[in-house]
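# Observations on chain architecture
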Amino acid sequence: MQILVAGFDRQKFVSRDDVITALLRLPELHLRGIKVVRYDPNRIIATTMTWLTDEPLPPGTRGSYYQSENMSAIVVWNFSSREEFYHILYHEVGHYVFMRTLRQHQRDQWMKEIRPREPQTVSTYARKNSREDFSESYAAWVNKDPSLDKCPLRKAFIKHEVFAE
Ligand SMILES: [Zn+2]
């Protein structure tokens, strides 16, 4: 795997190997451009990116996904269990998949067909916008979270369009 996994020795919930194993559960295509997954407890990267982009992170944010021309990075800083970590990790990978792996017609299908037809979402946070909705649904699929069973249109899209099963 070409991804640098760094900083996780500074917490006790997941080991570096756990993070690598968690990433290897995903299709290679979903990770292809991601360069770094980093634990950043002091939010050094997040703070720097906020300064650079002038886009403050919403309060309560526990991780983020950054994309520039040649660099995709996932940064995670606040979790207090393995389950929470896996949710954040897959949620952030979901952002990468939505922006970089899906085709435009698939994004359109998600935004213009599935969301308007299915009012139920996998979480409250998923109601925020199409991207968060996708990331929450993506994480629910990978973690086998039963919340996705309440959203059959989303579940079918993730299954067939995203994981091609
Ligand atoms: Zn998000």
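Refer to the preceding data block for the structure.
Residues numbered from 1 in each chain as written. Predicted model: local features only at pLDDT ≥ 70, side-chain atom pairs only at ≥ 80, totals over all residues.

### Considering the overall build of the protein chain
Scanning the protein chain from terminus to terminus reveals six helices and four strands. Reading the helices (α) and strands (β) of the protein chain from amino to carboxyl end gives β-α-β-α-β-β-α-α-α-α. The C-alpha radius of gyration computed for the protein chain amounts to 15 Å, which stays within 12% of the reference 15 Å derived for 165 residues, consistent with globular compactness. C-alpha atoms of the protein chain, sized along the principal axes, occupy 40 × 35 × 30 Å. (Helix = DSSP H or I, 4+ residues; strand = E, 2+ residues; numbered from the N terminus. Rg over C-alpha atoms; globule rule 2.2 N^0.38 Å.)

### Examining unusual backbone geometry
Not every positive phi belongs to a glycine, and Asp54 is a case in point at roughly 60°. On the secondary structure map, Asp54 appears in the loop between helix H2 (44–53) and strand S3 (63–68). On the basis of neighbour count, Asp54 is assigned to the exposed category, with 7 C-beta atoms found within 10 Å. Even without being glycine, Lys144 reaches a positive phi, approximately 55°. Secondary-structure assignment places Lys144 in the loop between helix H5 (130–142) and helix H6 (152–162). According to the C-beta neighbour criterion, Lys144 is exposed, with 7 such atoms within 10 Å. (Buried ≥ 20, exposed ≤ 12 C-beta atoms within 10 Å, placed from the backbone.)

### A short note on the environment of Gln2
Considering the arrangement of structural elements, one finds Gln2 in the segment before strand S1 (4–6). Between the alpha carbons of Gln2 and Gly33 there is a distance of 9.0 Å; along the sequence they are 31 residues apart.

### Comments concerning the packing of helix H4 (residues 104–117) against H5
Each pair of packed helices gets described by two things: the angle between the helix axes and the distance between those axes. Interhelical geometry of H4 versus H5 gives an angle of 75° and a closest axis separation of 10 Å. One finds that H4 runs roughly perpendicular with respect to H5. On H5, the residues touching Trp110, Met111 and Arg115 of H4 are Ser130, Asp133 and Phe134. Of the residues that constitute the contact of H4 with H5, the class distribution is three nonpolar, one polar and two charged. (Axes fitted to C-alpha atoms, helices over the stretch in contact; angles between N-to-C directions. Parallel < 35°, antiparallel > 145°, perpendicular 65-115°, else oblique. Contact = placed C-beta atoms within 7 Å. Nonpolar A, V, L, I, M, F, W, Y, C, P; charged D, E, K, R; others polar.)

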